[in-house]
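# Residue-level structural notes
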Amino acid sequence: MSERRDVQTLLSPMAGDLQSLLNSRHITDPAIIGIHTGGAWIAERIHQQLKPEQPLGTLNITFYRDDFTRIGLHPQVEPSNLPFSVDDRHIVLIDDVLHTGRTIRAAMNEIFDYGRPASIILACLVERSGRELPICADVAGERLTLEAHQHVKLTGPDPLELLIQESK
Amino acid sequence: MKRQDIQCDSQGQLRHFLTIEGHKRETLTQILDTAENFVTVGNQPVKKVPLLRGKTIVNLFFESSTRTRTTFELAAKRLSADVLNVNISTSSTSKGESLLDMLHNLEAMHCDMFVVRHEQSGAAHFIAQHVVPHISIINAGDGRHAHPTQAMLDVFTIRKHKPDFTALRVAIVGDLMHSRVARSQIHALNTLGVPEIRAIGPCTLIPPYLEQMGVHVYHDVREGLKDVDVVIMLRLQRERMDGALLPSELEYFQTYGLTQEKLALAKPDAIVMHPGPINRGVEIESSVADGPQSVILEQVSNGIAVRMAVMSVVLGRKPSGEEGEA
């Protein structure tokens, strides 16, 4: 059993919510960072809509994962690329699905290896249930309550679609 | 086939890295792609990733080396591993302890990886056969046999400049007879699909088996360098030469030394490489070594990323279950 959803309808409100949050915090020069691979796709779309001054950054958290010794090295994606100084900057961290929170923990560790940001805002396309760490999204395109055996996956980059599946 | 068996576990994952021989192209490509991700770590303000936190890596150097040992040490430290440098000349082998007894002592200290450099061919392989199953061995150069991580950093450097291996003509110039680097390079270039590999040097320094490895042998350096994309110069290994293989260094330089005039015979965008340490005025002219076509120092930086990749691919293999057995 699986269900496909269009992502476009989620992206505009998500970008709007993010802009309101930035306004309320008086952040005028944020830097957007997407987590490879799905988060980078979403970040690219959000970056196009908000048009911040800073170029888009991407993060490959492979080397910061906490399950390396259990599941080994993952298939490689693009290296991390942060084309701006992280020090004292307001960062918007973007991922596709927030689930256990472990990816975000790894991403924040990596960001801190580049410098000391002024703040980090977390924006996710989907915030689903199942958190294992004290992490929550500041902005979410959709919030879903799912059972542990249900999986959400973003497929893309063109078209971007959300796939909700029951695992065996 | 034996080597292939010992280098991989039952699922085909890399367990030891002893030689290039026997590895599939995909394995080498996986290492190169992984290394690509580590290049940027050196540019981060914090030059470290936490990947191998809690792992202990022992540099076992039975033969002196500066560049290889320091880049292995830096690679391990940038992966957050703990590093132990064992200097063999001052260790207990001089008190009469056997190699295997020393290994068993290091095993008892719960180490995860030995990086081995030895003047005897086959030393790393011998150690790999005798260590407990959870320890991985990386060959950092054994006698005249192999220096696989050097070959990997060389092909990595080549790929950075010339991404398509299947369109390349590569010349290796100098003392191929005593060079473990050249042997490993030839295996790596062959595995990655380089169609034409040339060996250039005097008869006394070109081993007879090269032609069986698909290498074209040239004794005339001008003929050999014509239209090549990559020129790899080798060091004259005077410490390994026991016999009158060469008339004099000056004559060697005049005949085989890479000068700007000889380099002009290669393609205009050819790159010049050297595994180091270089003997200026013996195998290479200073103006070439420091010139715009030289990527010699780039090789050194890439050496760190490539060694990080080898270490993390080896230690990142999924537990296979067989390691509890013998």
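Residues numbered from 1 in each chain as written. Chains lettered and ligands numbered in written order. Predicted model: local features only at pLDDT ≥ 70, side-chain atom pairs only at ≥ 80, totals over all residues. Heavy atoms only, no water.

For chain B, the name recorded in an unreviewed UniProt entry is Aspartate carbamoyltransferase, with Thiohalophilus thiocyanatoxydans as its organism. As recorded by UniProt, the Subunit (unreviewed entry) comment attached to chain B reads in full: "Heterododecamer (2C3:3R2) of six catalytic PyrB chains organized as two trimers (C3), and six regulatory PyrI chains organized as three dimers (R2)." Its UniProt record, at the heading Function (unreviewed entry), says of chain B: "Catalyzes the condensation of carbamoyl phosphate and aspartate to form carbamoyl aspartate and inorganic phosphate, the committed step in the de novo pyrimidine nucleotide biosynthesis pathway." (UniProt positions renumbered as here; feature names shortened; annotations may be inferred.)

If you check an unreviewed UniProt entry, chain A appears there as Pyrimidine operon attenuation protein/uracil phosphoribosyltransferase from Thiohalophilus thiocyanatoxydans.

It is worth spelling out the overall build of chain A at this point. In terms of regular secondary structure, chain A is built from four helices and eight strands. The linear arrangement of helices and strands in chain A, starting from the amino end, is β-α-β-α-β-α-β-α-β-β-β-β. Projecting the C-alpha coordinates of chain A onto the three principal axes gives extents of approximately 45 × 40 × 30 Å. Residue pairs in contact within chain A that sit at least 24 positions apart in sequence constitute 68% of those at least 6 positions apart. Just so you have it, chain A exposes about 8200 Å², and 48% of that area is on carbon and sulfur atoms. The average position of the 16 basic charges and that of the 23 acidic charges among the side chains of chain A differ by 4 Å. (Helix = DSSP H or I, 4+ residues; strand = E, 2+ residues; numbered from the N terminus. Contact = heavy atoms within 4.5 Å. Areas by Shrake-Rupley, 256 points an atom, 1.4 Å probe, with all protein chains shown as cover. Lys, Arg positive; Asp, Glu negative; His and termini not counted. Charge placed at Lys NZ, Arg CZ, Asp CG, Glu CD.)

All names here are of chain B. Scanning all chains against the criterion turns up 26 salt bridges over all chains. For Glu261, the salt bridge is made with Arg222, and the minimal N-O distance between the two is 2.4 Å. Taken as a pair, Glu261 in helix α10 (residues 260-263) and Arg222 in helix α8 (residues 221-225) lie far apart in primary sequence, 39 residues in all. On the basis of relative accessible area, Arg222 is assigned to the partly exposed category, the value being 37%. Salt bridges sharing common partners tie together Asp33, Glu36, Arg159 and Lys160. (Salt bridge = Lys/Arg side-chain N within 4 Å of Asp/Glu carboxyl O. Buried < 20%, exposed > 50% of the residue type's maximum accessible area, 1.4 Å probe, protein only.)

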